[in-house]
Amino acid sequence: MENTNEEQQILRLHRIALVDLMRMRREFPQYATPLARIHFDWNRNMTRSAGNARRNGMIRLSIKIWTAVVNVSDKLENEFINTVRHEVAHVIVGGEHGHNNVWRSVALELGCDGERYHELSVPAALTKRRDQPWPCARCGETIHLGPGQFRMAKYEGSKYVHSRCQTKRIEL
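So, here is what we can say about the structure in this document. (Residues numbered from 1 in each chain as written. Predicted model: local features only at pLDDT ≥ 70, side-chain atom pairs only at ≥ 80, totals over all residues. Heavy atoms only, no water.)

**Side note on the overall build of the chain**
Across its full length, the chain carries six helices and seven strands. Listing each helix as α and each strand as β along the chain from the N terminus yields α-α-β-β-β-α-α-α-β-β-α-β-β. Contacts in the chain between residues far apart in sequence, at least 24 positions, make up 42% of those at least 6 positions apart. Carbon and sulfur atoms form 51% of the exposed surface of the chain, whose accessible area is close to 10,300 Å². (Helix = DSSP H or I, 4+ residues; strand = E, 2+ residues; numbered from the N terminus. Contact = heavy atoms within 4.5 Å. Areas by Shrake-Rupley, 256 points an atom, 1.4 Å probe, with all protein chains shown as cover.)

Structure below.
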């Protein structure tokens, strides 16, 4: 069975991510524990974010963004490596740091540009957001969560509140 262009692109980028992860493990022994937890997952549902890091060390990468024809260019590989390093920095410092100076310092040390957003083209068809209704954890009023927030609330037990009740995510 022959691989499709999409599959070939994913395999090529996955290899690049693994090679860069091995480099980081060699060059940054001080981060050995979090780097050992890292594994990559390719996700077809991610349409706005090029990647994201999870607490357990999983780094999810968007199939739709990384294989979009509009993103096939010379700079794709550099943008991909930068995204991988961005997400690795999140795993190293922990989710509580977001994109603050602690995170930025580690991101720069790993070779990331330390910026929050990618410069990839996201086809307009991918950016339509489908919000889901969900009760506010404080007052019970209906709020609307994006697809990722909705999955985290429904399956992982995260609780969300709206701006009138303090906009923030509450971990259980």
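**Points about the packing of aromatic side chains**
Centre distance and the angle of the planes are the two values used to describe a pair of aromatic rings. Scanning all chains against the criterion turns up three aromatic pairs. With a centroid separation of 6.2 Å and an interplanar angle of 35°, the aromatic rings of F28 and Y31 are classed as tilted. Members of the aromatic cluster, each reached through a chain of ring pairs, are W42, W66 and F80. (Phe/Tyr/Trp six-rings, centres within 6.5 Å; stacked < 30°, edge-to-face > 60°.)

**Let's talk about the sheet that holds strand β1 (residues 39–43)**
Ordered by their spatial adjacency, three strands build an open sheet running β1-β3-β2, and the pairing between neighbours is mixed. Edge positions in the sheet fall to β1 and β2 (51–53), since each has one partner strand and no second. Between one strand and the next, the sheet's axes are offset by a mean angle of 20°, whatever the strand orientation. In the sheet, β1 pairs with strand β3 (residues 58–62) via five bridges, with the strands oriented parallel. Paired with D41 across the two strands is R60, which belongs to β3. (Pairing = 2+ DSSP bridges. Axes fitted to C-alpha atoms, helices over the stretch in contact; angles between N-to-C directions.)

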